[in-house]
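Report on the structure
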Amino acid sequence: MNKESLFREGPKVANIGLERFNETLKEQGVPTYQQPWTPDHTPLSLYLRVKEVERDLVLAERIGNANRETLTRLQTSLPILHGMGLAKDVIPGLSGRMLLHAGPPITWERMSGPMRGAVTGAILYEGWAKNVEEAQGMAARGDIVFDPCHHHQAVGPMAGLISPHMPVFIVKNTAYGNMAYATMNEGFGQVLRMGAFSERVVNHLRWMRQTLYPILCRAIDTLRELDRPINLKSIMAQALHMGDEMHNRNKAGTSLFIRQIAPTLAETAEDTSKTADALRFLDSNDHFFLNLAMAGAKASLDACAGIPYSSIVQVMARNGTDFGIRLACLPDRWFTCPAAVPKVLLFPGFTQEDVNPDIGDSAIMETYGIGGFALATAPAIVQFVGGTPQDAANYTIEMYTICHSENRDYTIPALQFKGTPTGIDLLKVIRQNTTPILDTGAASKEAGRGQVGAGIVRMPSEAFIKAAQAFLDNLRT
Amino acid sequence: MKATKVIKGRYADSITLMLIAEELKKQRGVSDAVMNMATPANIDIMREGGFQIDLESYSPDDIIIGIDAEPENAKAFLKNAEDWLSNPPWQKEGRDKTAEAPSEPPLDTNLAIISVSGKYAAIEAFKNLERDRNVMLFSDNVTKAEEIALKQVAHRRGLLVMGPDCGTAVINGVGLGFANRGKTGIVGMVGASGTGIQETYTLLQKRDIGVLHAIGTGGRDIHDEVGGATFLDGLQILWEDSRISIVVCISKPLSDSMKNKISSKIESLSRTYGPKPVAHCYVGDKRRAHQPNNYFCTGFEETARVVEALVTQTPVDSVLPRMAEERKIKLERLDETLRHRGSPGPVLRGFYTGGTLCYEAQSVLSEILPGVRSNAPIDRELIARDPFHPEGHCVIDYGEDAFTQGRLHPMIDPSLRNAQMKKQSMQPEVGVVLFDVVLGFGCHENPGEELAQVIAGTYAHGKGNRFFFCSITGLDEDPQDARKQRRLLESAGAIVCASNSEAAYIAGHLLKR
């Protein structure tokens, strides 16, 4: 009994807070240590309710079963590259003057600089307005309908804009039959997803539609017809062994993709110089595979929507203003809070002041169990996170404490081929006072200036606290 | 001056190049620095940034460094950058600690002392209870509902929660929080007041009486909703511990229901473990008659004297008359020595860092001077509306919320109290100034120094008919050394009394005359 030990033998202290108390105890010769502390924003009442649920054997078993079912569906999902099409023709519910964007729902008034910039660029690309002023006037007047990609089985990196005439990949989850959609990655520098909307940006998007899209589409269709569609899961598993974590590094995934598609690109080429341009573009863009990986993750996670009692997080996304999550058991509700500002390694000429709050659907990668959660496998980018492979491994190790299990298919050689931490368990997030970390790109606050750096960002706890409250309330009904 | 340098046939990844450029920018005299692989696109960007680069001479396999620095140093910095490619400076620096997995404590612990911001304190306390630790919760701003929940859980698990807002405790002779360095002994205390515990503890030590445990409960524990959860568990501990033969209970006034709970707890404990005499001190409460083994006092000095009587087996009933007699004599002597300095201004002001010391002072003064106001009044009608600009007789507790928002407690940082004391001591109507000096672990390392300056400063301005009264809640063994503090204050002209209540008594009467 520790009460007896305290009063009979004297205090043996864990000091949490003011260090002077630790010092004065040391002076008195009392055994004491300063316990590291990070603020836990969870209200005590919520924490007590979580504990109560854990003690309730019936409920705990229901939740356990639901979580196992969620992880089974997630890991038996098999995303393949099924085809391509224009967004308006293939994405359910995308019509008229509607633009899809990253993250939870948002209005033009509340959009950050890069989101507004990307919207402006998308309007110009669609030809709905002749110039920037007109485009922004339309958006401000409410002439454009904004809707999250996630409401349409789609995902987009950074601003994540999808407009009706953008070509998109169609990814099919062959295990469950559902589809997911993502645009082609535009490359680096001044790009729409970072909020740039210059003529060059729009022209590049047009080139992607007019030149790149038909070339890729023919090859992808041919592979599907030959019953040899590109297996995204297989590429991701291999890429993770080649130094990608599939969020900030997609070099291996992109290379594997090129290797698989190149022969068919050659066979289906109509104009070899254009096909060569297409291949050069793919080669120049280390992130080309990111959008495919995201769509693969989205297709897998969508198979987990609507599992009662599951405490697994099914969506994490940011729109540059808010961070939002959705739960497998409450797939139609967003739980949101202000987005964090990433602490990043800055590109030359930028300061931390320039960094926009966190933005993009790419958090789907961590929700899927890789990305930042698999940092231990990506030594080439560890300098973004503090310097050494051990620092990167520590992030991965920390994420095991909030995940349901180790991934069956995605493994980390450096951790003795342990599976990546997979299936963010909301109740563990609350209990451990640990929120997911992402390794992410960062956009400039100012529309049009593009990317300012890349680094690590920890998700704010408020959205998880709100979600936990709703999860617990939902158990009662 | 903008200068460039090329390193032929060398590759480094873009992150390394960016990091080295960042390092360069940190150097004195460098206003900009860029490092890139010399691709045409990168060279374009650098040219836009004002660097003179001839595209023809480089290939994408070269590294190009651009720097904007004072001309005399630019070369050296360019050389640094090249060296850093092989020996990155940041590899020697400390790492991001946040990523480290939580480690096990290096020792077995039985107590967590928590002093984090109140918003986060309750959950931290709960997690420590889960780890089977008792908790001393120094933090304030924990809600009453949270306090109740924590104390229920603790009671169920057989643990103790001291606090929230528990500043002082002594366990097995070891002082925790704000605590004085005294000896252990046969007395056990339970108190809903930190400075009340300190004042009684030091007054006992000065009578050579040691204390084994002083269990702090936090001021709200004795509210009816909380029901004295820690107070009652604390009494249990004091009875179970056979090393304790005298018990002291300390609090501000109690509700009738709390009084009943405490007395029936004491009755039942006495039946189970045998009787132990109890000295009760509920400051601000009306005087109650002693009962067998239960002695009711109204101040801390009286309480210490009652315990002394119990230890020395002299009659407890003679304590109060003797104390009154002694004080009367002291007052007369002082009156004589101070008479030549003329009559003081009509108003009394008190400046307290200890909440319960302020409360006790009011309790003493209420029998001497009418209408003494406070920001933490005994009588709600006597609230001082603007504690920064008091009027009439007024004693202020600088540990109250209004003064501690975003500041350290005045026992750690008394600068605000001292500044107010300095200002008000100069006001013409002020005649008598009262203050406290609280010593011990955790407290300010030399509170007397600045106070002495304030007093000496007042006298230097020709305010000779001001009188400063204080007492020192502390011991010679304390880190601040009570003797040294006394010398500082006395040489500045303060009158250092034997106890907080004596200071208030003498100050009040002196003004009245």
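For clarity, every value in this text was computed on a predicted model and none was experimentally measured.

Conventions adopted
- Chains are numbered independently. Their residues run from 1 in the order of the written sequence.
- Just so you know, chain letters begin at A and ligand numbers begin at 1, following the order they were written in.
- At least 70 in pLDDT is required for a residue's local features to be given in this predicted model, at least 80 for side-chain atom pairs to be given and counted, and no such filter applies to totals for whole chains, interfaces and linings, which use all residues.
- Heavy atoms from the whole structure form the basis of all side-chain values; hydrogens and water molecules are not counted.
- Note that domain bounds follow an automatic or database assignment of domains.
- Burial status follows relative accessibility: with a 1.4 Å probe on protein chains alone, a residue under 20% of its type maximum counts as buried, one over 50% as exposed, and anything between as partly exposed.
- In this description a helix means any DSSP run of H or I spanning at least four residues, a strand means any run of E spanning at least two, and both kinds are numbered starting from the N terminus.
- When DSSP finds two or more bridges between two strands, those strands count as paired.
- In this analysis, two residues are considered to be in contact whenever any of their non-hydrogen atoms come within 4.5 Å of each other.
- Accessible area, probed at 1.4 Å, shrinks when two parts are joined; the buried area is that loss added up over both.
- A carboxyl oxygen of Asp or Glu within 4 Å of a side-chain nitrogen of Lys or Arg is what we treat as a salt bridge.
- Within 3.5 Å is the distance limit for a polar contact, defined as a pair of N or O atoms, with the added protein rule that one can donate a hydrogen and the other accept it, and that residues adjacent in sequence qualify only through two side-chain atoms.
- We call Asp, Glu, Lys and Arg charged. Ala, Val, Leu, Ile, Met, Phe, Trp, Tyr, Cys and Pro are nonpolar, and the rest, Gly among them, are polar.
- In this analysis, the expected span of each helix is defined as 1.5 Å times one less than the number of residues it contains.
- Every angle, taken between N-to-C directions, lies between 0 and 180 degrees, and every axis is a line fitted to C-alpha atoms, over only the stretch in contact when it is a helix.
- We define the nonpolar core as a collection of buried residues of types Ala, Val, Leu, Ile, Met, Phe, Trp, Tyr and Cys that are connected through side-chain atoms lying within 4.5 Å of one another.
- Should an angle lie under 35 degrees it is considered roughly parallel, over 145 roughly antiparallel, and from 65 to 115 roughly perpendicular; all remaining angles are considered oblique.
- Crossings are classed by handedness, with left-handed meaning an anticlockwise turn of the near helix from the far one by less than a right angle and right-handed meaning a clockwise turn.

Details of the domain arrangement of chain A
Domain parsing of chain A yields domain 1 (3–34), domain 2 (41–63 + 304–475) and domain 3 (80–298). A straight line from the C-alpha centre of domain 1 of chain A to that of domain 3 of chain A covers 58 Å.

Focus on the pairing of strand β9 (residues 187–191) of chain B
All names here are of chain B. Counting buried positions over the 5 residues of β9 gives 5, a clear majority of the element. With 5 bridges joining them, β9 and strand β10 (residues 211–216) adopt parallel strand pairing. Paired with Gly188 across the bridge in β10 is His213. Sheet topology places β9 next to strand β11 (residues 246–251); 5 bridges connect them, and they run parallel. Considered in β11, the bridge of Met189 is made with Val248.

Section: the environment of Leu74 of chain A
Within the fold, Leu74 of chain A resides in helix α4 (residues 57–76). Through-space distance from the C-alpha of Leu74 of chain A to that of Gln136 of chain A is 40 Å; in sequence the pair is 62 residues apart.

Here's the deal with the domain arrangement of chain B
What the domain assignment reports for chain B is domain 1 (2–86), domain 2 (166–314) and domain 3 (321–512). Distance from the C-alpha centre of domain 1 of chain B to the C-alpha centre of domain 2 of chain B: 72 Å.

What to know about the interface of chain B and chain A
Contact with chain B, which involves 63 residues of that partner, is made by 57 residues of chain A. For the pair chain B and chain A, the two sides together bury roughly 5400 Å², of which 61% comes from carbon and sulfur. On the surface where chain B and chain A come into contact, there are 3 salt bridges. The interface formed by chain B and chain A holds 23 residue pairs in polar contact (both at pLDDT 80 or more) in total. Of all the secondary structure elements, the ones that give two or more residues to the side of chain B that touches chain A are α1 (14–26), β4 (111–114), α4 (118–130), α5 (144–157), β8 (174–177) and β10 of chain B. Counting residues per element, the side of chain B that touches chain A draws most heavily on α4 of chain B, which supplies 8 residues. Class assignment of the residues belonging to the side of chain B that touches chain A gives a composition of 33 nonpolar, 14 polar and 16 charged.

Focus on helix α6 (residues 194–206) of chain B
All names here are of chain B. Taking 1.5 Å of rise per residue, the 13 residues of α6 would be expected to cover 18 Å, and the 18 Å separating its terminal C-alpha atoms lies within 8% of that figure. When you tally the buried positions in α6, you get 11 out of 13 residues, the bulk of the element. Among the residues making up α6, those that are buried are Thr195, Gly196, Ile197, Gln198, Glu199, Thr200, Tyr201, Thr202, Leu203, Leu204 and Gln205. One or two positions beyond α6, positive phi appears at Asp208, with a value near 65°.

A few points about the sheet that holds strand β3 (residues 79–86) of chain A
What links the strands of a sheet is backbone hydrogen bonding, and the strands pair in either a parallel or an antiparallel sense. All names here are of chain A. If you walk across this open sheet you meet the 3 strands as β3-β6-β7, and the pairing is antiparallel. Each edge of the open sheet is held by one strand with a lone partner, namely β3 and β7 (179–183). Neighbour-to-neighbour, the strand axes of this sheet turn through a mean angle of 30°, independent of strand direction. Two elements, β3 and strand β6 (residues 167–173), share 7 bridges in a ladder whose sense is antiparallel. Looking across to β6, one finds that Ile80 is bridged to Lys172. Seen against the sheet, helix α8 (residues 199–225) touches β3 and β6 and runs at an angle of roughly 140° to β3.

Regarding the nonpolar core
Ile123, Leu216, Met236, Phe257 and Met365 of chain A are the most contacted members of the largest nonpolar core, which has 87 residues in total. No other element matches α8 of chain A, which puts 12 residues into this core. Taken domain by domain, this core gets at least three of its residues from each of domain 2 (41–63 + 304–475) and domain 3 (80–298) of chain A. With near-sequence residues (within four places) excluded, Met236 of chain A lies in contact with Met246, Phe289, Ala293, Met365, Tyr368, Ile370 and Tyr410 of chain A. Membership of the second largest hydrophobic core comes to 74 residues, among which are Ala340 and Ala363 of chain A together with Ile114 and Leu150 of chain B.

Focus on the packing of helix α11 (residues 355–365) of chain B against helix α16 (residues 500–512) of chain B
All names here are of chain B. Closest axis-to-axis distance for the α11/α16 pair is 9 Å, and the angle between their directions is 40°. Taken together, the axis directions place α11 and α16 in an arrangement best described as oblique. Note that α11 runs across α16; the crossing there is right-handed. Of the residues in α16, those touching α11 at Leu357, Glu360, Ala361, Val364 and Leu365 are Asn500, Ser501, Ala504, Tyr505 and Gly508. Of the residues contributing to the contact of α11 with α16, the split by class is 6 nonpolar, 3 polar and 1 charged.

Looking at the sheet that holds strand β6 (residues 161–162) of chain B
Strand order across the open sheet formed by 5 strands is β2(A)-β1(A)-β4(B)-β5(B)-β6(B), with parallel pairing between neighbours. Edge positions in the sheet fall to β2 (32–34) of chain A together with β6 of chain B, since each has one partner strand and no second. Sheet topology note: the strand β1 (residues 13–16) of chain A/β4 of chain B ladder contains 4 bridges and is parallel. Across the sheet, residue Ile16 of chain A finds its bridge partner in β4 of chain B, namely Ile114 of chain B.

A short note on the environment of Thr174 of chain A
All names here are of chain A. Assignment of secondary structure puts Thr174 in the loop between β6 and β7. Each C-alpha atom of the pair Thr174 and Pro79 lies 6.3 Å from the other, and the pair is 95 residues apart in sequence. Those residues in contact with Thr174, other than ones at most four positions away along the chain, are Leu78 and Ile80.

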